[in-house]
Amino acid sequence: MEWTSYLAPLSQGAWVTVQLTVYSTILGGIFAFLFGLGKLSHNPLLKGISVAYIEIFRGTSLLVQLFWIYFALPIMGQAIGLDLRFPPVVAGVVALALNIGAYGAEVVRGAVQAVPKEQYEAATALNFTSRKRLWRITLPQAIPEMMPTFGNLAVQNLKDTALVSLISLGDMAFRAEQIRNFTQDSVTVYTLVLFMYFGMALVLTACMKLLERYVGRWRAVGR
Amino acid sequence: MNDATKTRDPIIKFDKVVKRFGDHVVLDELDFEVQRGEKVTIIGPSGSGKSTVLRILMTLEEINDGVVYVGGQPLWHQWRGDRLIPASEQHLRQMRSQLGMVFQQFNLFPHMTVLRNLTEAPVQVLGVKKAEARQRGLELLEMVGLADQADKYPHQLSGGQQQRVGIARALAMRPKVMLFDEPTSALDPELVGEVLNVIRTLADEHDLTMLLVTHEMHFARQVSDRICFFDQGRIKEQGKPEDIFTAPKEERTKAFLKAVLDPDD
């Protein structure tokens, strides 16, 4: 078989990989802010939940999390009378997002804490409510600092999507495995897939750079 | 001794206030009053609790004991029946609206233009209309001599200019009391004058109550109604500037003034 005939199924898989990456990165970003700010909360319950989430998802393997959500959760749901069976796409996106969100939450926390306390004091002296202080003063200064690390996490996430092929989701890695089983042409298939992942990572990095530049307008130049 | 023109209705009153940092006692049962419209300068060696007085008033530092009153209301407490209980955030916000603070390090918001630094809090906190806040912001910039810098960012200004924006930003909230925490200490010597001039104008033309912590003794002498010499968390000596600077009674005051006024001896 010609190597060009691999391209059609691989492209189908690539599209699934792109969707998984985009959805889980966005959802993971939301988790990152939610739990990163939660960890800084003075409310012990919010703080406790956030710390537990971050530690559990950073401290366990993504593969096991994925299997747990896809295979274990439905059985546990059955036991308590809930239907917790998810389609593979949903299970994949959720597992990836929870995983990247846990790392992202630490980035959010660090960047918020890195905003000088004098800024916090100035905002207090001007009588901002704590919510407006966060949205108007702290986050606009913290978000530009988070962006380079978020860029790295997004690329990491793209590469992690390959794991979802193990819950029979037809992503690029899954298609590659199928073709290899059929043709035994490991070298060609995996070389192709290697370059395709690399190409996607380049595009993703460029997108994150654009986003970084966009939010960089909030940063004080020369600081 | 008491100035007859001033009513005994202090806008600020510290009643046996204690502030500790760990084992270190910063304010030791401090009693201190400022009358409405009065300009008071606090001087004293570093670590004597000068800045702490301002930071307590701005609610940036809690107190350990005693009561602070602003405009007759307890600042860090609120009344429940006839008992004082710790203040809620709501009470603190209400009290804070009477005070404005100028920081040693300016603390401007680096991600906002100069004008936006002045309009953000009035719009977001006081609910002033944007156009109105902008108008008032430009007037204040005019007053501090920076009308042409409205669209620049803080890092594009000199330290002296930044501090003048800091003063304008605090004034934009229309406080009754202005707190100046070593406003010129972080400035290069040649930039000190422009900031002092703005503060002097404020002192002369407005009915603001002003509380200053500074090492600029000549300036303190010119603008203050009263000088308070702080030492070890208490007021060691206070009085009219002429009296304090020309005829201090306490040995500690004499030694301090000698050290700061003739540092070469």
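Bear in mind the structure is a predicted one, so any value in this text is a computation, not a measurement. (Residues numbered from 1 in each chain as written. Chains lettered and ligands numbered in written order. Predicted model: local features only at pLDDT ≥ 70, side-chain atom pairs only at ≥ 80, totals over all residues. Heavy atoms only, no water.)

**Things to note about the interface of chain A and chain B**
- On the chain B side, the residues contacting the 20 residues of chain A number 24 residues.
- For the pairing of chain A and chain B, the buried interface totals around 2100 Å² over both sides, and the portion due to carbon and sulfur atoms is 59%.
- If you sort the residues of chain A by the area they bury against chain B, L126(A), N127(A) and R136(A) come out on top, with a joint share of 30%.
- Where chain A touches chain B, the interface holds two salt bridges.
- Between E121(A) and R55(B) there is a salt bridge, and its shortest N-O distance comes to 2.6 Å.
- Taken together, the connections running from chain A to chain B amount to eight residue pairs in polar contact (both at pLDDT 80 or more).
- Among the elements that line the side of chain A that touches chain B, the one with the most residues is helix 5 (residues 117-125) of chain A, at seven residues.
- Class assignment of the residues belonging to the side of chain A that touches chain B gives a composition of 10 nonpolar, five polar and five charged. (Contact = heavy atoms within 4.5 Å. Buried area = accessible area lost by both parts, 1.4 Å probe. Salt bridge = Lys/Arg side-chain N within 4 Å of Asp/Glu carboxyl O. Polar contact = N/O pair within 3.5 Å; in protein donor to acceptor, adjacent residues only side chain to side chain. Helix = DSSP H or I, 4+ residues; strand = E, 2+ residues; numbered from the N terminus. Nonpolar A, V, L, I, M, F, W, Y, C, P; charged D, E, K, R; others polar.)

**Considering the packing of aromatic side chains**
- By the definition in use, this model includes 11 aromatic pairs over all chains.
- Ring centres of F31(A) and Y53(A) lie 6.4 Å apart, and the angle between their planes is 65°; this geometry places the pair in the edge-to-face category. Of the two residues, F31(A) sits in helix 1 (residues 7-39) while Y53(A) sits in helix 2 (residues 44-59), which places them 22 residues apart along the sequence. Residue F31(A) shares its accessibility class with Y53(A), and that shared class is buried.
- Feature note: the residues F31(A), F35(A), Y53(A) and F57(A) constitute an aromatic cluster, connected by ring pairs.
- One residue, R169(B), lies across the ring of F109(B), its end atom 4.6 Å from the ring centre. (Phe/Tyr/Trp six-rings, centres within 6.5 Å; stacked < 30°, edge-to-face > 60°. Buried < 20%, exposed > 50% of the residue type's maximum accessible area, 1.4 Å probe, protein only. Lys NZ or Arg CZ within 6 Å of the ring centre and 35° of its normal.)

**Brief notes about the pairing of strand 1 (residues 10-21) of chain B**
Residue and element names in this part refer to chain B.
- Inspection of the sheet shows strand 1 paired to strand 2 (residues 24-35) by eight bridges, in the antiparallel sense. From the neighbouring strand, R20 faces strand 2, where its bridge partner is V25.
- In sequence, strand 1 turns back onto strand 2 through a hairpin of two residues, with G22 there showing a positive phi of about 65°.
- Bridge analysis of strand 1 against strand 4 (residues 65-70) gives five bridges, and the strand direction is antiparallel. Note on strand 4: the bridge partner recorded for K13 is Y69. (Pairing = 2+ DSSP bridges.)

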